[in-house]
Amino acid sequence: MKTILIFDHPYTLAASHNQPHFRSYSAAVAQKVIDHLHQKNINVDIIDLHQDKFDPVMHAEDLNNWRTKRSLNSQVDHYFNQLLQADQIIFVFPIWWELMPAMTKGFIDKVLSVNYSAMNDRASGNTK
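## As for the environment of V33
Now for step 1: By secondary structure assignment, the location of V33 is in helix α1 (residues 25-39).
Now for step 2: In this structure, the C-alpha to C-alpha distance between V33 and I90, residues 57 residues apart in sequence, is 9.2 Å.
Now for step 3: Ignoring any residue separated from it by four or fewer positions in sequence, one finds V33 in contact with L5 and I90.

Laid out in structure tokens, this is it:
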């Protein structure tokens with residue numbers, strides 16, 4: 001079984017060790033999940049959005065590419081291909097102002113978008 005853990009916090013996953021002025025409850029939760037999965041011999045790939053410097057903004061060029069079902073960029077393509085290989089996906093992020101962080105929302109909008117499904121269908125010869 002292959003798991004993808006998508007983590008979103010400005011301090012990155014490195015903030016999981018309760019150090020003063022550099023700690024994140026979300027990072028601690030993510031690390032516990034990773035440790036638990038490793039104990040179960042489950043392969044875990046980690047996408048740390050802030051560490052990767054993921055750009056969540058849908059720029060004009062991105063929107064044009066999205067509308068014409070073209071790739072947004074190589075990082076988004078890589079994330080999408082990682083997700084295709086996953087048996088399960090786990091998101092870990094803080095809830096701020098009753099919502100997911102903007103970077104998580106941007107990840108969902110860019111990576112889990114309709115154009116990637118369509119591109120994948122075309123590549124596999126599946127036309128709906």
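## Considering the sheet that holds strand β3 (residues 88-92)
Now for step 1: Taken together, the 3 strands give an open sheet; going across it, the order is β2-β1-β3, and neighbouring strands pair in parallel fashion. The strands lining the two open edges of the sheet, one partner per strand, are β2 (43-48) and β3. In this sheet, adjacent strand axes meet at a mean angle of 20 degrees when their direction is disregarded.
Now for step 2: Taken together, the 5 bridges between strand β1 (residues 2-7) and β3 define a ladder with parallel strand orientation. Within β3, the residue paired with I6 across the bridge is F91.
Now for step 3: Each of β1, β2 and β3 touches α1; the most contacted strand, β1, lies at about 170 degrees to it.

## Let's talk about the side chain of S26
Now for step 1: Following the sequence through the fold, S26 ends up in helix α1.
Now for step 2: Classification of S26 as buried rests on a relative accessible area of 9%.
Now for step 3: What S26 contacts, discounting residues up to four positions off in sequence, is F7, V92, F93 and P94.

## Details of the nonpolar core
Now for step 1: Core analysis: the largest hydrophobic core is formed by 14 residues, its most contacted members being I6, I47, L49, F54, Y79, F107 and V111.
Now for step 2: The set of elements that each furnish at least two residues to this core consists of β1, α3 (74-84) and α4 (102-111).
Now for step 3: A per-element tally of this core places α3 first, with 4 residues.
Now for step 4: Residues L5, L37, V44 and V92 belong to the second largest nonpolar core, which totals 11 residues.

## Describing a nonpolar patch on the surface
Now for step 1: Residues M58, L63 and W66 make up a contiguous nonpolar surface patch of about 230 Å² in total accessible area.
Now for step 2: Mapped onto the elements of the fold, M58 is located in the loop between β2 and α2 (60-67).

## A word on the pairing of β1
Now for step 1: Where burial is concerned, most of β1 is hidden: 5 out of the 6 residues are buried.
Now for step 2: On the question of chirality, the crossover connecting β1 to the parallel β2 by way of α1 is right-handed.

What counts, and where the lines are drawn
Residues numbered from 1 in each chain as written. Predicted model: local features only at pLDDT ≥ 70, side-chain atom pairs only at ≥ 80, totals over all residues. Heavy atoms only, no water. Helix = DSSP H or I, 4+ residues; strand = E, 2+ residues; numbered from the N terminus. Contact = heavy atoms within 4.5 Å. Pairing = 2+ DSSP bridges. Axes fitted to C-alpha atoms, helices over the stretch in contact; angles between N-to-C directions. Buried < 20%, exposed > 50% of the residue type's maximum accessible area, 1.4 Å probe, protein only. Core = buried A, V, L, I, M, F, W, Y, C linked by side-chain atoms within 4.5 Å. Patch = residues over 30% accessible without salt bridge, like charges linked within 9 Å, V, L, I, M, F, W, Y side chains within 5 Å. Areas by Shrake-Rupley, 256 points an atom, 1.4 Å probe, with all protein chains shown as cover. Salt bridge = Lys/Arg side-chain N within 4 Å of Asp/Glu carboxyl O. Right-handed = clockwise from strand over helix to strand, strands pointing away.

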